[in-house]
Amino acid sequence: MKKTGQPTINDVARLSQVSKKTVSRVINRSPLVIEETRQRVEEVIAELGYIPNPQARALALRRNFLIALIHDNPNGQMVLGVQQGLLEMLRGTEFELLLHPVDRGMPDMQEDIRNFLERQRPYGVMLLPPISENDALAALCASIGCRYVRMGSATLDVPEHMVASNDRDVVRGAIEYLIAAGHRRICMIAGPAGFRSAHERQLGYEDALTAAGIAIDRAWIAQGDYRFEGGKRAAERLLDLAPRPTAIFASNDEMAIGTMHIADQRGLEVPADLSIIGFDDTPIASHVWPSLTTVRWPIAAMARAAALKLIGDEEEAAKEAAFFSSTLIRRSSVAPPAT
């Protein structure tokens, strides 16, 4: 095949005997293209030496080939997990990832996000909790024609604009696991106020205790902030209770590790004296000793689906999964109570 001049997407489509839309899908690694067609288009692209021009397309569409990740989340491992999932799907495409941290406590947060979107003109936006729970931000994205996906611990939007997990159900299962092991004095370190994830996880905790006929003592619930130090402070308060708990569920792994730290300081052995369960299944969960029983939150899978919803067409976005199941990972930090 002979190269003549600068090859265009029209040349690729003509020689591949497919539409320009199909070529675009191949370039963007859409899962909707059958393998035989993908190989044929990729062979033509290689032979022609065709290089997609994101600047030209951006000028035509009045939008940059940027996917913006907007967040205000104290859980650094969670944000990194989302980045990993997004980058896996964007690698090899025309799209790049742009990060924009915000402060949800600032009165001008929404105006800051509006200015960012109007200045950068991203192709799409992924909103992380807790700001993803703000309906006004979703409406803002829609009003300026910016595609968006909201990540959450419960239903937040229509499927093409959402990826969500089953936090309430999986936490209920985690507490039921402790109850089945013989625990009755089960405390909880909750997430920060204003986070839907914190609310859903606490509901799961309460569901399990109620179903087992265990009275919910509000003194058993300590406020946390999804940080290691916050977990330590909450664990100090809970372990001061008399009688002290035989098990603690922490709403994320960092706070669970903080709890393990305080237990060790007090001469308590995990799990012989205190069983602990976390949430997230971050790498540290399997690296500490005893290894941490925790809930595996499918953050990367949710982010990959969100990326495909953002860079695919409307038909592709509607077909991508919106709900993802978390699972309890049983390791070494749970045992029957000593008393």
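Reading the values: the criteria
Residues numbered from 1 in each chain as written. Predicted model: local features only at pLDDT ≥ 70, side-chain atom pairs only at ≥ 80, totals over all residues. Heavy atoms only, no water. Axes fitted to C-alpha atoms, helices over the stretch in contact; angles between N-to-C directions. Helix = DSSP H or I, 4+ residues; strand = E, 2+ residues; numbered from the N terminus. Parallel < 35°, antiparallel > 145°, perpendicular 65-115°, else oblique. Left-handed = near helix turned anticlockwise from the far one by under 90°. Contact = heavy atoms within 4.5 Å. Nonpolar A, V, L, I, M, F, W, Y, C, P; charged D, E, K, R; others polar. Buried < 20%, exposed > 50% of the residue type's maximum accessible area, 1.4 Å probe, protein only. Pairing = 2+ DSSP bridges. Right-handed = clockwise from strand over helix to strand, strands pointing away. Phe/Tyr/Trp six-rings, centres within 6.5 Å; stacked < 30°, edge-to-face > 60°. Core = buried A, V, L, I, M, F, W, Y, C linked by side-chain atoms within 4.5 Å. Lys, Arg positive; Asp, Glu negative; His and termini not counted. Salt bridge = Lys/Arg side-chain N within 4 Å of Asp/Glu carboxyl O.

J.: Please give an account of the packing of helix H6 (residues 109-120) against helix H7 (residues 135-143) that cites residues and values.
T.: Following both chains from N to C, one finds H6 and H7 inclined at 25 degrees, their axes separated by 11 Å at the closest point. By the angle class used here, H6 and H7 are roughly parallel. Crossing handedness for the pair H6 and H7: right-handed. Residues Met109, Gln110, Ile113, Arg114 and Leu117 of H6 lie in contact with H7, whose contacting residues are Ala136, Leu137, Leu140 and Cys141. Residues of the contact of H6 with H7, tallied by class, amount to 7 nonpolar, 1 polar and 1 charged.

J.: So what's going on with the pairing of strand E4 (residues 147-152)? Residues and values would help.
T.: Among the 6 residues of E4, 5 are classified as buried, and the element is accordingly described as predominantly covered. Where strand E3 (residues 124-127) meets E4, 4 bridges bridge the pair, whose relative direction is parallel. Note on E4: the bridge partner recorded for Gly124 is Arg147. After leaving E3, the chain enters H7 and then returns to the sheet as E4, a path that is right-handed.

J.: Let's hear about the sheet that holds E3: which residues, and what values?
T.: Overall, parallel pairing links the 6 strands, which are arranged E2-E1-E3-E4-E5-E11 in an open sheet. The open sheet has two edge strands, strand E2 (96-101) and strand E11 (323-324), and neither has a second partner. Packing against the sheet, helix H5 (residues 76-90) makes contact with strand E1 (66-71), E2, E3 and E4, and its axis sits at approximately 160 degrees to E2.

J.: Which residues make up the packing of aromatic side chains, and what are the values?
T.: Using the criterion set out here, one finds 5 aromatic pairs in the structure. With centroids separated by 5.1 Å and ring planes inclined at 55 degrees, the aromatic side chains of Phe65 and Phe95 adopt a geometry described as tilted. Of this pair, Phe65 sits in the loop between helix H4 (54-61) and E1 while Phe95 sits in the loop between H5 and E2, and the two are 30 residues apart along the sequence. Taking the relative accessible area as the measure of exposure, Phe65 reaches 5% and is therefore buried. Here Phe95 and Tyr123 contribute two aromatic rings whose centre-to-centre distance is 4.9 Å and whose plane-to-plane angle is 70 degrees, an arrangement assigned as edge-to-face. With a gap of 28 residues between them, Phe95 in the loop between H5 and E2 and Tyr123 in the loop between H6 and E3 connect regions that are remote in the sequence.

J.: Which residues make up the nonpolar core, and what values do they have?
T.: Taken as a class, soluble globular proteins show a tendency for nonpolar side chains to be buried jointly. Formed by 74 residues in total, the largest nonpolar core has its most connected members in Val82, Met126, Met151, Val163, Ile175 and Tyr205. Tallying contributions element by element places helix H13 (residues 299-311) first for this core, with 9 residues. In this structure, Tyr205 is in contact with Val171, Ile175, Ile186, Cys187, Met188, Trp220 and Ile221, ignoring residues within four places of it in sequence. Membership of the second largest hydrophobic core comes to 17 residues, among which are Met109, Leu117, Ala138 and Cys141.

J.: Please set out the packing of helix H1 (residues 9-16) against helix H3 (residues 35-48) residue by residue, giving values where relevant.
T.: H3 packs onto H1 with a crossing angle of 130 degrees between their chain directions and a minimal axis gap of 9 Å. Of the possible angle classes, the one that applies to H1 and H3 is oblique. Judged by the twist between their axes, the crossing of H1 over H3 is right-handed. Every residue of H3 that contacts H1 at Asp11, Val12, Leu15 and Ser16 is listed here: Arg40, Val41, Val44, Ile45 and Leu48. Of the residues contributing to the contact of H1 with H3, the split by class is 6 nonpolar, 1 polar and 2 charged.

J.: Requested: an account of the sheet that holds strand E10 (residues 293-296), with residues and values cited.
T.: Strand pairing in a sheet relies on backbone hydrogen bonds, with the paired strands running either antiparallel or parallel. Strand order across the open sheet formed by 6 strands is E7-E6-E8-E9-E10-E12, with mixed pairing between neighbours. A single partner strand is all that each edge strand has here, and the edge strands are strand E7 (221-223) and strand E12 (327-329). On average, each strand axis in the sheet is tilted by 20 degrees relative to the strand beside it, whichever way the strands run. Of the pairings in the sheet, the one linking strand E8 (residues 247-250) to strand E9 (residues 275-280) comprises 3 bridges and is parallel in character. What sits directly across from Ala247, in E9, is Ser275.

J.: Describe the side chain of Asp280, and please don't skip the residues or the numbers.
T.: Here Asp280 lies in strand E9. Despite its burial, Asp280 remains without a salt bridge, the nearest opposite charge being carried by Arg201 at 4.6 Å. If we skip the residues at most four places from it in the chain, Asp280 touches Asn75, Asn252, Asp253, Thr294, Val295, Arg296 and Trp297.

J.: I'd like to hear about the pattern of salt bridges, residue by residue, with values.
T.: Evaluated as defined, the whole model comprises 18 salt bridges. Taking the shortest distance from any N to any O, the salt bridge between Arg150 and Asp157 comes out at 3.0 Å. The residues Arg150 and Asp157 share a single accessibility class, namely buried. Linking Arg172 and Glu176 is a salt bridge whose minimum nitrogen-to-oxygen distance equals 2.9 Å. Pair noted here: Arg172 and Glu176 are both in helix H8 (residues 167-180), with a separation of 4 residues, about one helical turn. Note on Arg172: relative accessible area 32%, which makes it partly exposed. Residue Glu176 is classed as partly exposed on the basis of its relative accessible area, which comes to 35%. Through salt bridges with shared partners, a single ionic network connects Asp135, Arg150 and Asp157.

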